[in-house]
Amino acid sequence: MRSVWALAARAALCLLAFSTASFAGEPKQGGILRMYHRDSPANASILEGATYSVNVPFMGVFNNLVIYDQHMAQNSPDSIRPELAESWTWSGDYKKLTFKLRQSVKWHDGKPFTSADVKCSFDLLMGKSQQKLRQNPRKTWYSEVNDVTPNGDFEVSFDLKRPQPSLLAMLASGYTPVYPCHVSPAEMRTHPIGTGPFKFVEFKANESIKLVRNPDYWKKGLPYLDGIEYTIITNRSTAILAFVAGKFDMTFPTHITIPLLKDIKSQAPNAVCVVEPTNVSTNIIVNSTAPPFDNIDIRRAMALALDRKAFVNILFEGQADIGGTMLPPPQGIWGMPKDRLETIPGYGPDVNANRDEAKKLMQKAGYGPDKHLAVKVSTRNLAEYRDPAVILIDQLKSIYIDGELDVVETANWFPKVARKDYMLGLNLTGNAVDDPDQSFYENYSCGSERNYTNYCNKEIEKLFDLQSQETDVNKRKQLVWDIDKKLQEDVARPIIFHARAGTCWQPYVKGVTIMSNSSYNGFRYEDVWLDK
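Note that the coordinates shown come from a computational prediction; the quantities given were computed from them, not determined experimentally.

Visitor: I would appreciate a short explanation of the overall build of the protein chain in the present structure.
Guide: Scanning the protein chain from terminus to terminus reveals 16 helices and 18 strands. Taken over the C-alpha trace, the protein chain has a radius of gyration of 23 Å; the compact-globule value for 532 residues is 24 Å, and the two agree within 12%. With respect to the three principal axes, the spread of C-alpha positions in the protein chain is 70 × 55 × 40 Å. Across the 532 residues that make up the protein chain, the buried fraction comes to 61%. In the protein chain, the share of contacts with a sequence separation of at least 24, taken over all contacts with a separation of at least 6, comes to 74%. Split by element, the accessible area of the protein chain, about 19800 Å² in all, is 50% carbon and sulfur. Computed over 62 positive and 61 negative side-chain charges, the separation of the two mean positions in the protein chain equals 1 Å.

Right, here's the structure in full:
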């Protein structure tokens, strides 16, 4: 048997803050953490969310079975810690994962947490329950799970169709909270009930979100804060000015561009700011089942036209990363080495030669100097989407494609692209876990809700399964690199760059570190405190 048992109680109690830093003195109880939020989430249900606009405010309401150590900047298999599960055990063939659950945990409405809640949550995610999620963007994460089986009130097993060592990593994501059996999915959208350090108070769309300290939290003494209040400000410049003026204790996480970071440091020199990779790729999505992008030559021409370094220099002053699907090293564990990446068409350094080849493909498809292709370039109404979309439109002009910007509000963006109601889009794809199973199955498998481009290659899917079962990390990396290269060559979802972004907080905010290879997993906030 391969077993991983719970850490000592003292270690467990120091887990699961938003992040960590060296504490100046003893943590203090009390105070409200004030943050701005970059936009108004569609609802409060993390299981239905496809954006960290939901995770950031609501992750503190919940707990997972297991969670990435909130005090370590890089998520890895070695940094997974127990939460609602006290311990876990793999069977020898990696086809059964059993959790012993924590006792005496209560939901915010006072009802006890048991194994039935775990089964209900994952039956909901797998589409097995009578009640349904309105959106289920991560259903593919659990396609290899046959069943979730309780054994008494405080033990539960995940029975798998085949070995899948990465299942534990996906259970540790901020997107994998346990929901209560006795609260409907509809209620969770408007008034979420969790077991976490903070209780939901209210969500006023386009105005604010408020949480309050859970006095009965199962981790005694936590959280330190009395509550968290988010003010929704969709204009980033306005929000930053308010932070500089002292109206907020912290910026929205990984929301500050490199140029704006300089402004903050000049106007608020005492602010603490960090820049980290976000494991969010900026990419092009195309509706490949409808004209004109059902033509592979046009898709390849578009990918060849990209000047990735220009995006990075304009938007990040050189501080972003060029890669394939997986986050590039060293922060990314599974990203392709640079020498292999540059063998992919369009990734080589000669942009003019790439564009000459792209023009030939466009002419083959019937376009040229006297006949341009007119397209709408859809994107979400956030600066981090709009800004690269404008650059993309400018670059596509070089190969006879005339783009018109189509801006879509957040509440409508993910439903729009999920139903393939677009031609060409500039999208950001956040990877909730730095693991190939999460990225490949969620974004590229046939029929996945988040496969926005309709890309479907059954031969590649067989390779997804092959790498997923491989327990030798080095062998798995070689398989992952081969798959990633093929996805780029197929123009499945052309990756432009992997972003880096800044987060700032006032100097009296303590206990903050930003995760470097997935910004989706670090918003528990339970041992963040205010030294004022």
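Okay, back to it.
Visitor: Just checking my understanding: could you explain the side chain of glutamine 438 for this structure?
Guide: By the element assignment, glutamine 438 lies in helix 14 (residues 436-444). A polar contact of 3.0 Å, which involves the side chain of glutamine 438, links it to the side chain of glutamate 442. Excluding its chain neighbours within four sequence positions, the residues that come into contact with glutamine 438 are Trp141, Met170, Gly430, Asn431, Ala432 and Val433.

Visitor: Explain the domain arrangement of the protein chain to me, please; I cannot follow it from the model alone.
Guide: Where the parts come together, the accessible area they lose is often given as the size of the interface. As assigned here, the protein chain comprises domain 1 (32-231 + 506-530) and domain 2 (277-500). Taking only C-alpha atoms into account, the centre of domain 1 sits 30 Å from that of domain 2. Facing 35 residues of domain 1, the contacting portion of domain 2 comprises 35 residues. Buried area between domain 1 and domain 2, both sides added, is near 2600 Å², and the carbon and sulfur share of it is 54%. For the pair domain 1 and domain 2, the interface holds 3 salt bridges. Here glutamate 384 ties to arginine 38 by a salt bridge, and the two come within 2.9 Å at their closest N and O atoms. When the residues that make up the side of domain 1 that touches domain 2 are grouped by side-chain class, the tally is 13 nonpolar, 17 polar and 5 charged.

Visitor: Honestly, the environment of threonine 234 in this entry has me stumped. Any pointers?
Guide: Here threonine 234 lies in the loop between strand 11 (227-232) and helix 6 (236-244). Separated by 18 residues in the primary sequence, threonine 234 and phenylalanine 252 have C-alpha atoms spaced 11 Å apart. Once residues lying within four places of it in the same chain are set aside, the contact partners of threonine 234 are Arg38 and Asp39.

Visitor: Mind showing me how you'd approach the state of the cysteines here?
Guide: Under the counting rule described, the total for this entry stands at 3 disulfides. Between the sulfur of cysteine 120 and that of cysteine 181 lies a disulfide, 1.7 Å long from S to S. Here the S-S torsion is close to 65°, and the disulfide linking cysteine 120 with cysteine 181 is therefore right-handed. Here cysteine 181 lies in the loop between helix 4 (167-171) and helix 5 (185-190) and cysteine 120 lies in helix 3 (residues 115-125), a separation of 61 residues in the sequence. Here cysteine 446 engages in a disulfide with cysteine 456; their sulfurs sit 1.9 Å apart. Around the S-S axis, the bridge from cysteine 446 to cysteine 456 shows a dihedral of about 100° and counts as right-handed. Of the two residues, cysteine 446 is situated in the loop between helix 14 and helix 15 (458-469) and cysteine 456 in the loop between helix 14 and helix 15; the sequence distance between them amounts to 10 residues. For cysteine 446, a relative accessible area of 23% translates into the label partly exposed. By relative accessible area, cysteine 456 is classed as partly exposed at 46%. If one numbers only the bonded cysteines of the protein chain, in the order they occur, the disulfide pattern is 1-2, 3-6, 4-5.

Visitor: What am I meant to see in the UniProt feature "domain: Solute-binding protein family" (unreviewed entry) in the protein chain here?
Guide: In the numbering used here, UniProt assigns the feature "domain: Solute-binding protein family" (unreviewed entry) to residues 80-448. Secondary structure within residues 80-448 divides into 30% helix and 23% strand; the distance between the first and last C-alpha atoms comes to 26 Å.

Visitor: Whenever I open this one, the sheet that holds strand 9 (residues 198-204) confuses me. Can you help?
Guide: Pairing in this open sheet of 4 strands is mixed, and the strands run 2-11-10-9 from one edge to the other. The open sheet is flanked by strand 2 (32-37) and strand 9, the only strands paired with a single partner. Across the sheet, the mean angle separating the axes of adjacent strands is 15° when strand polarity is ignored. Pairing of strand 10 (residues 208-213) with strand 11 involves 5 bridges; the strand directions are antiparallel. Note that in strand 11 the partner of leucine 211 across the bridge is isoleucine 228.

Visitor: Sorry, what's going on with the sheet that holds strand 15 (residues 424-430) here?
Guide: Two modes of strand pairing occur in sheets, parallel and antiparallel, and in both the strands are linked by backbone hydrogen bonds. Read from one edge of the open sheet, 5 strands run 14-13-15-12-16, paired in mixed fashion. A single partner strand is all that each edge strand has here, and the edge strands are strand 14 (401-408) and strand 16 (495-505). Ignoring strand direction, the axes of neighbouring strands in this sheet form an average angle of 30°. Direction of pairing for strand 12 (residues 272-286) relative to strand 16: antiparallel, over a ladder of 9 bridges. Among the inter-strand pairings, cysteine 273 is bridged to a residue of strand 16, identified as cysteine 504. Against the sheet, helix 7 (residues 258-267) touches strand 12 and strand 16, its axis set at about 155° to strand 12.

Visitor: Sorry, what's going on with the nonpolar core here?
Guide: A general feature of soluble globular proteins is that nonpolar side chains tend to end up buried together. The biggest cluster of nonpolar side chains holds 143 residues, and the ones touching the most others in it are Phe99, Val118, Phe122 and Phe158. It is helix 12 (residues 383-396) that contributes the most residues to this core, 6 residues altogether. Each of domain 1 (32-231 + 506-530) and domain 2 (277-500) accounts for three or more of the residues forming this core. What phenylalanine 122 contacts, discounting residues up to four positions off in sequence, is Leu65, Tyr142, Val148, Phe158, Leu171 and Thr176. Listed in part, the 18 residues of the second largest apolar core include Tyr441, Ile483, Leu487 and Ala492.

Visitor: Explain the pairing of strand 7 (residues 145-150) here, please?
Guide: Successive residues of a regular strand alternate their side chains across the two faces of the sheet. Sheet topology note: the strand 7/strand 8 (residues 155-160) ladder contains 5 bridges and is antiparallel. The residue bridging threonine 149 from the neighbouring strand is serine 157, located in strand 8. Hairpin remark: strand 7 followed by strand 8, antiparallel, with 4 residues in the connecting loop; positive phi at glycine 152, about 80°.

Cut-offs applied
Residues numbered from 1 in each chain as written. Predicted model: local features only at pLDDT ≥ 70, side-chain atom pairs only at ≥ 80, totals over all residues. Heavy atoms only, no water. Helix = DSSP H or I, 4+ residues; strand = E, 2+ residues; numbered from the N terminus. Rg over C-alpha atoms; globule rule 2.2 N^0.38 Å. Buried < 20%, exposed > 50% of the residue type's maximum accessible area, 1.4 Å probe, protein only. Contact = heavy atoms within 4.5 Å. Areas by Shrake-Rupley, 256 points an atom, 1.4 Å probe, with all protein chains shown as cover. Lys, Arg positive; Asp, Glu negative; His and termini not counted. Charge placed at Lys NZ, Arg CZ, Asp CG, Glu CD. Polar contact = N/O pair within 3.5 Å; in protein donor to acceptor, adjacent residues only side chain to side chain. Domains from an automatic or database assignment. Buried area = accessible area lost by both parts, 1.4 Å probe. Salt bridge = Lys/Arg side-chain N within 4 Å of Asp/Glu carboxyl O. Nonpolar A, V, L, I, M, F, W, Y, C, P; charged D, E, K, R; others polar. Disulfide = S-S within 2.5 Å. UniProt positions renumbered as here; feature names shortened; annotations may be inferred. Pairing = 2+ DSSP bridges. Axes fitted to C-alpha atoms, helices over the stretch in contact; angles between N-to-C directions. Core = buried A, V, L, I, M, F, W, Y, C linked by side-chain atoms within 4.5 Å.

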